[in-house]
Amino acid sequence: MSAPSVLIAGCGDVGSRLATQLLAAGWEVHGLRRDVSRLPKGVIGVAGDLFNKDCPQTWPVGAVDYLVYCAAATDHDEAGYRAAYVEGLQHVLEWLGDYGQVPNRLLFVSSSSVYGQQDGEWVDETSPTIAAGYSGRLMLEAEQVALSSGIPASIVRLTGIYGPGREWLLTQVRRGYRVAIDPPLYGNRIHADDAAGLMAFLLEADRRGVTLDDVYIGVDNAPAPLAEVVDWLREYLGVTEWAEDASVRRTGSKQCSNARAKALGWTPKYPSYREGYAAILEGRG
């Protein structure tokens, strides 16, 4: 049996981690990004711009068994989100059509921003999507493009991704970051390796003939109050002072569940922020 092929459109940080995992499992991996020199070794580069309607000259001409759309917005405004998620996906679907390619499945990487719940309630894939801002609204619009594409599709709604190079919270804690304690502000997170690992798991499951759902939430096992996470990091880092001008965050919160993915057999490598941040701080991941 020939190796399954996958095209990762928007092969940045998480996409490159996914590519590395799939290469190790024997997949043929094509990665689309502007600068293909930054792709992991072994990935077949597709130099292209998702914001441009013109099909990349190095578009794969053979079968594309799977498509992962894993873009990131360049401009964090409404126009930037529409260009990255809605229009970019439409461009890729048009390019597939130009070459007569019909993947077995499309994974579209979305965000938990589609959920606007703000009172600490638990959220799963069946919860109402009541996006509060333009990012969530446009993600929902892009999800519908994927689900109505004519290709079997699964949406992967990732929560707050952290990992090497994604260390905003660590930087803030070192500066004496304060956070509201009551009511608890729940945060949801997933290590970048686990975000990639969930997608690799879903692709392998589909290849084995497992029936996939339309939507999965990508989150670790332990949503936690942000104050708890900050306290743990302060102790781990040995931070003893509070900054006088540090902001106190007061926003809505929710607790996302990964029960659906776990029921399928997925297990995160970093089940909570403790394991994930310890790995980062010790240079292990």
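Attention here is on the structure that accompanies the text. Being a predicted model, the structure only gives us computed values, none of them experimental.

On a plain count of helices and strands, the chain comes out with 8 helices and 15 strands. Over its C-alpha atoms, taken along the principal directions, the chain stretches across nearly 60 × 40 × 35 Å. Within the chain, contacts between residues separated by at least 24 positions form 75% of all contacts whose residues are at least 6 apart in sequence. A total accessible area of about 12900 Å² is found for the chain, and carbon and sulfur atoms account for 48% of it. Across the chain, the 26 positively charged side chains and the 35 negatively charged ones have centroids separated by 3 Å.

One finds Tyr69 and Phe108 to be the most contacted residues of the largest nonpolar core, which totals 37 residues. Elements supplying a minimum of two residues to this core: β1 (5-9), β4 (66-69), α2 (78-98), β5 (105-111), α3 (134-147), β7 (153-158) and β12 (215-218). With 9 residues, the single largest contributor to this core is α2. Within the second largest apolar cluster, 33 residues are counted, among which are Cys11, Val43, Tyr66 and Leu203.

What follows deals with the pattern of salt bridges. Pairing between side chains of opposite charge can happen when their charged atoms approach one another. Tallied over the full model, the rule gives 13 salt bridges. Residues Asp13 and Arg166 are paired through a salt bridge, measuring 2.9 Å at the closest nitrogen-oxygen approach. In this pair, Asp13 is assigned in helix α1 (residues 13-24) and Arg166 in the loop between β8 (160-162) and α4 (168-174), connecting sequence segments 153 residues apart. Accessibility expressed as a relative area gives 31% for Asp13, which makes it partly exposed. In this structure, the salt-bridge partner of Arg34 is Asp49, at a minimum N-O distance of 3.5 Å. Of this pair, Arg34 sits in the loop between β2 (28-33) and β3 (44-47) while Asp49 sits in the loop between β3 and β4, placing them 15 residues apart in sequence. Overall, the relative accessible area of 54% leaves Arg34 in the exposed class. One network of salt bridges, in which partners are shared, links Asp13, Arg17, Arg166 and Asp193.

Think of a sheet as strands paired side by side through backbone hydrogen bonds, with each pair either parallel or antiparallel. Strand order in the open sheet formed by 7 strands is β3-β2-β1-β4-β5-β7-β12, with parallel pairing between adjacent strands. Lying at the two open borders of the sheet, with one neighbouring strand each, are β3 and β12. On average, each strand axis in the sheet is tilted by 20° relative to the strand beside it, whichever way the strands run. Two elements, β7 and β12, share 4 bridges in a ladder whose sense is parallel. Looking across to β12, one finds that Val156 is bridged to Tyr216.

As a further point, take α2. The end-to-end C-alpha distance of α2 is 29 Å, a good match for the 30 Å that 21 residues give at a rise of 1.5 Å each. At Glu87, α2 shows its maximal kink, close to 35°. Looking one or two residues beyond α2, the residue adopting positive phi is Gly100, at roughly 65°.

Our next topic: α3. Compared with the 20 Å implied by 1.5 Å per residue over 14 residues, the 20 Å span of α3 between its first and last C-alpha is a close match. Looking only at α3, the buried set comprises Gly136, Leu138, Met139, Ala142, Glu143, Val145 and Ala146. Looking at the packing, one finds that the buried side of α3 touches α2, β5 and β7.

Let's shift gears to the pairing of β5. Across the 7 residues that make up β5, a large majority, 7, are buried. On β5, burial covers both faces: Arg105, Leu107, Val109 and Ser111 on one face and Leu106, Phe108 and Ser110 on the other are all buried. Where β4 lies against β5, 4 bridges are found, and the strand directions are parallel. In the sheet register, Tyr66 faces β5, and the bridge partner there is Arg105. Crossover connection from β4 via α2 to parallel β5: handedness right-handed. With 6 bridges joining them, β5 and β7 adopt parallel strand pairing. Pairing of Leu106 across the sheet is with Ala153, part of β7.

Here is what the cut-offs are and how they apply
- Residues numbered from 1 in each chain as written.
- Predicted model: local features only at pLDDT ≥ 70, side-chain atom pairs only at ≥ 80, totals over all residues.
- Heavy atoms only, no water.
- Helix = DSSP H or I, 4+ residues; strand = E, 2+ residues; numbered from the N terminus.
- Contact = heavy atoms within 4.5 Å.
- Areas by Shrake-Rupley, 256 points an atom, 1.4 Å probe, with all protein chains shown as cover.
- Lys, Arg positive; Asp, Glu negative; His and termini not counted.
- Charge placed at Lys NZ, Arg CZ, Asp CG, Glu CD.
- Core = buried A, V, L, I, M, F, W, Y, C linked by side-chain atoms within 4.5 Å.
- Buried < 20%, exposed > 50% of the residue type's maximum accessible area, 1.4 Å probe, protein only.
- Salt bridge = Lys/Arg side-chain N within 4 Å of Asp/Glu carboxyl O.
- Pairing = 2+ DSSP bridges.
- Axes fitted to C-alpha atoms, helices over the stretch in contact; angles between N-to-C directions.
- Expected span 1.5 Å × (residues − 1).
- Bend = angle between axes of the 7 residues up to and from the residue.
- Right-handed = clockwise from strand over helix to strand, strands pointing away.

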